[in-house]
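# A look at the structure
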Amino acid sequence: MKSTLTRRIGTMKRFTLFVVFILCIALMIPITASAAYYNTYSDVATLNNANDSYAAQGFAVGSTYVYSVKINSDNTKAVIYRTKMSDGTTTLMTNGDNSTTYATYLGHANDVVLSTIDGDYYMFVITMNAGSMSLVKLKYVGTTYYKVGNYTIKYNGADKSMSGVKITSKDANNIYFLFKSGRTLYRGSLPLTANSGTINVTNGFSLNIEDALVNGSSVSNITSYAFQGFGYYNDTIYVPLTYKNVSIVLVYRNISAASGTINADDNLSFRITSAAYPDLFEIEGVGIANGDKLWFNTNRRTAPGDTAHDGVHYFKDYSAS
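I will try to describe carefully the structure that is included in this document. Note that the structure is predicted; figures quoted are calculated from it, not measured. (Residues numbered from 1 in each chain as written. Predicted model: local features only at pLDDT ≥ 70, side-chain atom pairs only at ≥ 80, totals over all residues. Heavy atoms only, no water.)

This part is about the overall build of the protein. Counting its secondary structure elements, the protein contains 1 helix and 27 strands. Counting only residues that meet the buried cut, the protein has 47% of its 321 residues in that class. The long-range fraction of contacts in the protein, counting pairs at least 24 apart against all pairs at least 6 apart in sequence, stands at 51%. Of the roughly 14,800 Å² of accessible surface on the protein, 50% is carried by carbon and sulfur atoms. (Helix = DSSP H or I, 4+ residues; strand = E, 2+ residues; numbered from the N terminus. Buried < 20%, exposed > 50% of the residue type's maximum accessible area, 1.4 Å probe, protein only. Contact = heavy atoms within 4.5 Å. Areas by Shrake-Rupley, 256 points an atom, 1.4 Å probe, with all protein chains shown as cover.)

Once that is clear, we can look at the environment of Gly188. Its location among the elements puts Gly188 in strand β15 (residues 184-191). Among the residues examined, Gly188 registers a relative accessible area of 10% and is labelled buried. Separated by 35 residues in sequence, Gly188 and Ile153 place their C-alpha atoms 8.8 Å apart. If near-sequence neighbours (up to four positions away) are discounted, Gly188 is found in contact with Ile175, Tyr176, Phe177, Ile199, Asn200 and Val201.

Moving on, we get to the packing of aromatic side chains. Aromatic rings in a pair are described by how distant their centres are and how their planes are angled relative to each other. Scanning the entire structure with this criterion turns up 16 aromatic pairs. Judged by centre distance (5.1 Å) and plane angle (55°), the rings of Trp295 and Tyr314 are tilted. Residue Trp295 is found in strand β26 (residues 293-301), and its partner Tyr314 is found in strand β27 (residues 311-315); the two are separated by 19 residues along the sequence. A relative accessible area of 0% means that Trp295 is categorised as buried. Under the relative-accessibility criterion, Tyr314 is labelled partly exposed at 21%. Sitting over the ring of Tyr122, Lys137 keeps its end group 4.6 Å from the ring centre. Just above the ring of Phe230 sits the side chain of Lys166; from NZ or CZ to the centre is 5.4 Å. (Phe/Tyr/Trp six-rings, centres within 6.5 Å; stacked < 30°, edge-to-face > 60°. Lys NZ or Arg CZ within 6 Å of the ring centre and 35° of its normal.)

Bringing the nonpolar core into the picture now. By size, the foremost hydrophobic cluster in this structure holds 22 residues, and its most contacted members are Phe205, Leu207, Ile237, Ile248, Leu250 and Tyr252. When residues of this core are assigned to their parent elements, the largest contribution, 4 residues, is made by strand β22 (residues 246-253). With residues near it in sequence (within four places) discarded, Phe205 still touches Leu178, Arg183, Thr184, Leu185, Arg187, Ile237, Ile255, Ala258, Ser259, Gly260 and Ile262. In terms of nonpolar packing, the next biggest core, distinct from the first, is built from 20 residues, Tyr105, Leu106, Val136 and Tyr140 among them. (Core = buried A, V, L, I, M, F, W, Y, C linked by side-chain atoms within 4.5 Å.)

A separate point is the environment of Pro304. Along the chain, the position of Pro304 falls in the loop between β26 and β27. By relative accessible area, Pro304 is classed as exposed at 70%. Taking the C-alpha atoms as reference points, Pro304 and Leu280, separated by 24 residues in sequence, lie 8.6 Å from one another.

On to the pattern of salt bridges. With the rule as written, the count across this model stands at 8 salt bridges. A salt bridge links Glu210 to Arg183, with the nearest nitrogen and oxygen atoms 3.1 Å apart. Residue Glu210 is found in the loop between β16 (196-208) and β17 (213-214), and its partner Arg183 is found in the loop between β14 (174-181) and β15; the two are separated by 27 residues along the sequence. (Salt bridge = Lys/Arg side-chain N within 4 Å of Asp/Glu carboxyl O.)

Taken in spatial order, the 4 strands of this open sheet run β2-β27-β26-β25, and their pairing is antiparallel. Pairing within the sheet leaves two strands with one partner each, and these edge strands are β2 (41-46) and β25 (280-289). Across this sheet, the average inter-strand angle for adjacent strands is 30°, counted without regard to direction. Sheet topology note: the β25/β26 ladder contains 9 bridges and is antiparallel. Bridge pairing in β26 links Ala289 to Lys293. (Pairing = 2+ DSSP bridges. Axes fitted to C-alpha atoms, helices over the stretch in contact; angles between N-to-C directions.)

The topology assignment puts Ser53 in the loop between β2 and β3 (55-61). A relative accessible area of 0% means that Ser53 is categorised as buried. Excluding residues within four positions of it along the chain, Ser53 makes contact with Asn48, Lys70, Ile71, Asn72, Lys77, Ala78 and Val79.

Glancing now at the layout of surface pockets. Within this model, the largest pocket holds a volume of roughly 580 Å³. Lining of the largest pocket is provided by 26 residues; of these, Val61, Gly62, Ser63, Leu114 and Ser115 occupy positions nearest its centre. At the level of secondary structure, the elements contributing two or more residues to the lining of the largest pocket comprise β3, β4 (65-71), β8 (111-117), β13 (164-170), β20 (231-233) and β25. Of all the elements, β8 adds the most residues to the lining of the largest pocket, at 5 residues. Broken down by class, the residue content of the lining of the largest pocket amounts to 14 nonpolar, 9 polar and 3 charged. (1 Å grid on protein atoms, 1.4 Å probe; cavity = no way out; pocket = protein on both sides within 12 Å on 5 of 7 lines; lining within 4 Å. Points joined across faces, edges and corners; volume = space filled by probe spheres on them. Nonpolar A, V, L, I, M, F, W, Y, C, P; charged D, E, K, R; others polar.)

By themselves these figures say nothing about function.
And the structure:
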């Protein structure tokens, strides 16, 4: 009887030691969170081609509406559409300075950012031009806009063209911008109510795209992807890139403290590979709004010459909160 009890106790001890061993190993293995990946989207509105402006460019999000700019073939006309996020109602905005529905001074209009100053609403549009029209300021009331300012952007004393613009913060005296050219981001500021002047920017940081992961894997030809505008939300930037009918969005965090070269978030990425628009699916601009959705506008083509499918959309299932 004693021998049987001893054997049972020994067996229990060995089993207990085995369980403890397994638990220790489990605790030693790092827990890897599965990457959040989004590759489906919802259509909200189609953008028409008023004034022969068929190419979608800059994009900005507000609390109720998003704003999309489209340009003509030689950058001499730009139109602005306002889309209500809740139902997709889209209105072609009016140029209040001359009662037309286009502007002649927005250049390539590659990116847009919105701002409220002293209770009034403004758009800052990056033109991709160097010199005094690098950045244009529009005041808008409902669906009518007015040109109220323009600025020169300089880097190291020389005129500099930029392809992206966002506002990171404002205080009682100044408005603080983040500009982008290619994969380099620059910081600059203006007096809060200034309608002209020079923005002397400093080099902020650069983006590592080669090592970025999309759905857990690197993109082999990522250096062939074209940069567009970008989005800013909660100290994070969302950077769209496009190659033919594939668009990806990379995410970079802790922007306020960023310097040198920074890496994309490996655990959050977006990609649309479009069979419906095999000639082009180009995300032009992105922004967070309305339930923390990631909104974007597109150039979409079923074939060369197709200009009927540009639109406003958001990624399904994603929330930035």
